[in-house]
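# Examination of the molecular architecture
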Amino acid sequence: MPDLGLLSKYLSVILASTLKYLGGTFTGFALGLHWIETVIFSTVGMMVTILLTNFAGTLILQLIGRFRKKPQRKFTRLNRIAIKIWSKFGIAGIAFLTPALFTPPLGGALMVAFRAPRIPAFTWMLISGLVWGVIFTLLVYQMSFIREWFH
């Protein structure tokens, strides 16, 4: 029989990282998970969002359009940044910056908006999630003042 306490910790990290990657990192730390578990399940949470956003992207964009009261500004600051990154670095650039700068839902939406092929997009997002997961998690786990907040 699986340990339901451990399973609930993993699900908490996954859920926290679906909207903001660092949310999973802090959740894993607060729950006392090993840093490798935190990296893995934060990345799983991000990838769940990327997959859902990608497969339901067109539907989501249509729903947002229905409920938007005023017309969307075409060239916001974030749009300009995303277009520059896409122009220079393509799929890998958007994927690399998704955990750090963009959120998983926005990174997935950008992949849909730029019509990125799914397999390369998923591959680059997975690599990016694991790399940033190690960086974020080791930083959070090694900073003593963060440890004092949670303990």
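Residues numbered from 1 in each chain as written. Predicted model: local features only at pLDDT ≥ 70, side-chain atom pairs only at ≥ 80, totals over all residues. Heavy atoms only, no water.

On to unusual backbone geometry, then. Of note, the phi angle at arginine 115 is positive, near 55°, even though the residue is not glycine. Along the chain, arginine 115 turns up in the loop between α5 (104–113) and α6 (118–142). (Helix = DSSP H or I, 4+ residues; strand = E, 2+ residues; numbered from the N terminus.)

A separate point is the side chain of threonine 25. Summarising the element assignment, threonine 25 is placed in helix α2 (residues 21–30). On the basis of relative accessible area, threonine 25 is assigned to the buried category, the value being 0%. Beyond its immediate stretch of four places on either side in the chain, threonine 25 contacts Thr38, Ser42, Phe136, Thr137, Val140 and Tyr141. (Buried < 20%, exposed > 50% of the residue type's maximum accessible area, 1.4 Å probe, protein only. Contact = heavy atoms within 4.5 Å.)

Bringing the nonpolar core into the picture now. Across soluble globular proteins, nonpolar side chains have a tendency to be buried as a group. Judged by nonpolar contacts, the single largest core of 18 residues is most densely connected at Met46, Ile94, Phe102, Met111 and Met125. If you list the elements that add at least two residues to this core, you get α3 (35–67), α4 (77–97), α5 and α6. Excluding residues within four positions of it along the chain, isoleucine 94 makes contact with Ala82, Ile85, Trp86, Phe102, Gly107, Leu110, Met111 and Phe114. (Core = buried A, V, L, I, M, F, W, Y, C linked by side-chain atoms within 4.5 Å.)

Turning our eyes to something else, we now look at the packing of α4 against α6. Relative placement of two packed helices is described by the angle separating their axes and the distance separating the axes. Relative orientation of the contacting elements α4 and α6 amounts to 35°, with a least axis distance of 8 Å. The handedness of the crossing between α4 and α6 is right-handed. Contacts between α4 and α6 pair Ile91, Ala92, Ala95 and Phe96 from the former with Pro120, Ala121, Trp124, Met125, Ser128 and Trp132 from the latter. In terms of residue class, the contact of α4 with α6 is made up of 9 nonpolar, 1 polar and no charged. (Axes fitted to C-alpha atoms, helices over the stretch in contact; angles between N-to-C directions. Left-handed = near helix turned anticlockwise from the far one by under 90°. Nonpolar A, V, L, I, M, F, W, Y, C, P; charged D, E, K, R; others polar.)

In this structure the tally under the stated criterion is 7 aromatic pairs. Arranged with centres 5.1 Å apart and planes meeting at 75°, the rings of phenylalanine 29 and tyrosine 141 form a pair that is edge-to-face. Here tyrosine 141 lies in helix α6 and phenylalanine 29 lies in helix α2, a separation of 112 residues in the sequence. Here phenylalanine 29 matches tyrosine 141 in class, with each residue buried. Of the aromatic side chains, those joined through ring pairs into one cluster are Tyr21, Phe96, Trp132 and Phe136. (Phe/Tyr/Trp six-rings, centres within 6.5 Å; stacked < 30°, edge-to-face > 60°.)

Spatial relationships are all this shows, so hold off on functional conclusions.
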